Amino acid sequence: MYVYLYDDFLRQKKYDLIVKAMETRLTDFGIAGKIIRLQNFTNAKAVIDDEIGRGATTIVIVGNDHTFGNVLSRAATCDILFGFLPVGPENSVAEVLGIPVGEKACDVLAQRRKIKLDVGWFNSRYFVSRLHILPSRIMVEYDDKFKVSTNYKSELVICNLQPFNWKGEKQEYTIHPQDGKLEAFLLPITKKSLFGKYKYEEPSVFPFEEMIVSSKTPFAVDADGKISKETKIKIRLAKKRVEMIVGKERRF
């Protein structure tokens, strides 16, 4: 049984036609199912666990990058197959997974090409795409061997599924979300320009299995779109992977 988790933004009238087209296509494939509309306060894990108990075999996230991260940040370790139907803008995750935006995503879902993806963990939360620490004075320790600190603020990006793009170059670092490691990109900030924009040194790139990031003052952590303030976090791979339906044009 398929269960579809719709993001609340899909209630907007401008999405009526594409949502209707997708639902018709799913019916044609014989994989239409129960629709649950997510709210800001929805506990995705509780909803999914309940649906598993009712016989669900596939949970399909319908929305954008934010929807994808919001659901999997809590439910990544649920014992069920996940699918994704991307709608609208802000769908970089879909491109990595090889899933076209809109109606054609239903074809990928129907083909049920399944793989298992690494899941990141930090302070009892999960992330599948990436974790971003905004400019802060931080100390980084990883794999019980190395320590990194800077005299100035730094940004730290931990990538798992999404590729890393550095604004100072056209180069893109492709990440493999099945290699049993996370990749970290540390960007030391040298100074601000006259227009308030940061200037960066070249990023330091290193794979790791476990990392501790700490600071004397709270720093902002953005994990798949969920932002929190922390003074110390431990980052590692979760013990369990998430099973996901992907397209043949996936980027890994």
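Bear in mind the structure is a predicted one, so any value in this text is a computation, not a measurement.

(A) Layout of the overall build of the protein. Along its length, the protein carries 5 helices and 19 strands. For a compact globule of 252 residues, the expected C-alpha radius of gyration is about 18 Å, and the protein comes in at 19 Å, within 12% of that figure. Principal axes of the C-alpha set define a box for the protein whose edges measure 60 × 40 × 35 Å. Counting across all 252 residues of the protein, residues that qualify as buried make up 48%. Here the contacts in the protein between residues at least 6 apart in sequence split such that 69% fall between residues at least 24 apart. In the form shown here, the protein has an accessible surface area of approximately 12,800 Å², with 48% of it arising from carbon and sulfur atoms.

(B) How the structure looks around the nonpolar core. Within the largest apolar cluster, 55 residues are counted, with the highest numbers of intra-cluster contacts made by Y4, F68, F82, L85 and L97. With 5 residues, the single largest contributor to this core is strand 1 (residues 2-6). When neighbours within four sequence positions are excluded, L97 is seen to be in contact with F68, F84, L117, L161, V246, G247, R250 and F252. One finds V140, A184, F206 and I235 within the second-largest nonpolar core, a separate group that totals 22 residues.

(C) Representation of helix 1 (residues 16-29). Taking 1.5 Å per residue, 14 residues should reach 20 Å; helix 1 reaches 20 Å between its end C-alpha atoms and fits that length. Among the residues making up helix 1, those that are buried are V19, M22 and L26. Taken down its axis, helix 1 places every buried residue within 60° of arc, on the same side. Exposed side chains of helix 1 directed beyond 90 degrees from the buried face belong to L17, K20 and D28. In this structure, the buried residues of helix 1 make contact with strand 1, strand 4 (81-86) and helix 5 (105-111). Immediately beyond the C-terminal end of helix 1, within one or two residues, lies G30, with a positive phi of roughly 75°.

(D) View of the sheet that holds strand 1. Judged by pairing direction, the sheet is mixed, and its 6 strands sit side by side in the order 2-1-3-4-19-5 without closing on themselves. Edge positions in the open sheet fall to strand 2 (34-37) and strand 5 (114-117), since each of these has one partner strand only. With strand direction ignored, the average angle separating the axes of adjacent strands in the sheet is 30°. Against the sheet, helix 3 (residues 65-75) contacts strand 1, strand 3 (58-63), strand 4 and strand 19 (242-245), and its axis sits at roughly 145° relative to strand 3.

(E) Here's a closer look at the packing of aromatic side chains. Here the structure, examined in full by the defined rule, presents 6 aromatic pairs. Ring plane angle 15° and centroid distance 6.2 Å describe the contact between Y2 and Y4, whose orientation is recorded as stacked. In this structure, Y2 and Y4 share a single accessibility class: buried. Note on F9 and Y15: the rings are 5.2 Å apart at their centroids and 70° apart in plane angle, and the pair reads as edge-to-face. Residue F9 shares its accessibility class with Y15, and that shared class is buried. Ring pairing ties together the aromatic residues Y142, F146 and F206, which thus form one cluster. If you follow R250 out to its NZ or CZ, it ends over the ring of F252, 5.7 Å from the centre.

(F) Representation of unusual backbone geometry. A positive phi angle is found at R112, which is not glycine, with a value near 55°. Positionally, R112 belongs in the loop between helix 5 and strand 5.

Thresholds, definitions, all that
Residues numbered from 1 in each chain as written. Predicted model: local features only at pLDDT ≥ 70, side-chain atom pairs only at ≥ 80, totals over all residues. Heavy atoms only, no water. Helix = DSSP H or I, 4+ residues; strand = E, 2+ residues; numbered from the N terminus. Rg over C-alpha atoms; globule rule 2.2 N^0.38 Å. Buried < 20%, exposed > 50% of the residue type's maximum accessible area, 1.4 Å probe, protein only. Contact = heavy atoms within 4.5 Å. Areas by Shrake-Rupley, 256 points an atom, 1.4 Å probe, with all protein chains shown as cover. Core = buried A, V, L, I, M, F, W, Y, C linked by side-chain atoms within 4.5 Å. Expected span 1.5 Å × (residues − 1). Arc of directions from axis to C-beta. Pairing = 2+ DSSP bridges. Axes fitted to C-alpha atoms, helices over the stretch in contact; angles between N-to-C directions. Phe/Tyr/Trp six-rings, centres within 6.5 Å; stacked < 30°, edge-to-face > 60°. Lys NZ or Arg CZ within 6 Å of the ring centre and 35° of its normal.

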